[in-house]
Amino acid sequence: MTTIEEAARYREPTRADLPDIEVIDGAAFRDRYPFFVLRQLLEADSSRSVVAVEPGSHAEGTVVGYALTILGEGGRAWLISLAVSPDRRGCGYGRGLLQRSIEVCRQKGDVDEVWLTVDPRNVSAYKLFKDFGFVLRVSS
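Residues numbered from 1 in each chain as written. Predicted model: local features only at pLDDT ≥ 70, side-chain atom pairs only at ≥ 80, totals over all residues. Heavy atoms only, no water.

Participant: Got a minute to help me understand the pairing of strand S2 (residues 50-54) in this structure?
Facilitator: Strand residues, when the strand is regular, have side chains that alternate between the two faces of the sheet. The buried count for S2 comes to five of five residues, which makes it a mostly enclosed element. The alternating pattern of S2 places Val50, Ala52 and Glu54 and Val51 and Val53 on opposite faces, both of which are buried. Inspection of the sheet shows strand S1 (residues 9-11) paired to S2 by three bridges, in the antiparallel sense. Note that in S2 the partner of Tyr10 across the bridge is Ala52. Bridge count for S2 against strand S3 (residues 62-71) is five bridges, and the pairing is antiparallel. Directly across from Glu54, in S3, lies its bridge partner Thr62. (Buried < 20%, exposed > 50% of the residue type's maximum accessible area, 1.4 Å probe, protein only. Helix = DSSP H or I, 4+ residues; strand = E, 2+ residues; numbered from the N terminus. Pairing = 2+ DSSP bridges.)

Participant: Help me understand the packing of helix H2 (residues 18-28) against helix H3 (residues 35-44), please; the structure alone is not making it clear to me.
Facilitator: Packed helices, taken two at a time, are described by the angle their axes make and the gap between the axes. Relative orientation of the contacting elements H2 and H3 amounts to 125°, with a least axis distance of 10 Å. By the angle class used here, H2 and H3 are oblique. Crossing handedness for the pair H2 and H3: right-handed. Contact residues: Leu18, Pro19, Ile21 and Glu22 in H2; Phe35, Leu38, Arg39 and Leu42 in H3. (Axes fitted to C-alpha atoms, helices over the stretch in contact; angles between N-to-C directions. Parallel < 35°, antiparallel > 145°, perpendicular 65-115°, else oblique. Left-handed = near helix turned anticlockwise from the far one by under 90°. Contact = heavy atoms within 4.5 Å.)

Participant: What is the right way to look at the layout of surface pockets in this model?
Facilitator: Where empty space is left can be seen by rolling a probe of water-molecule size over the atoms. Taken as a whole, the largest pocket holds about 1000 Å³ of empty space. For the lining of the largest pocket, the elements supplying multiple residues, two or more each, are H2, strand S4 (76-84), helix H4 (93-108) and helix H5 (123-131). The element contributing the most residues to the lining of the largest pocket is S4, with seven residues. Split by residue class, the lining of the largest pocket holds 16 nonpolar, seven polar and nine charged. The calculated volume of the second largest pocket comes to roughly 800 Å³. Every residue lining the second largest pocket is counted, 23 residues in all, and those nearest its centre are Val114, Trp115, Leu116, Phe134 and Val135. Counting only elements with at least two residues in the lining of the second largest pocket, the list comes to H4, strand S5 (113-116) and H5. Here the lining of the second largest pocket gets four residues from one element, more than from any other, and that element is S5. (1 Å grid on protein atoms, 1.4 Å probe; cavity = no way out; pocket = protein on both sides within 12 Å on 5 of 7 lines; lining within 4 Å. Points joined across faces, edges and corners; volume = space filled by probe spheres on them. Nonpolar A, V, L, I, M, F, W, Y, C, P; charged D, E, K, R; others polar.)

The values reported here are purely geometric and, on their own, carry no functional implication.
If you want it as structure tokens, here you go:
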């Protein structure tokens, strides 16, 4: 039996995905990114970012989650945002997005570390990142 996450496709986002990403971002976060910021992040370099596309009746399927990652200085990539549509949470998409984001960074060969920030009150995200080996650093 194939799980939902296994049936999903993961790919680089396109400009056409921006409306879906904006909706998912708005549903996931109180302090959501404005549309122009999401657009600029993708236009600057979408090659490390990933969307999860659920197979469906559409030819392209439905975008159900995203992970926006950019290259910083000194071989450091930053996972700027990762979110899954509220009605698809708990199905493995977050784990799949994070795994694929890390794989893309490794494949490009110019990333030594992946950094991120997470609200410690976001227990599910915190646990996901910890499960992947991210180390907590508290800044003052």
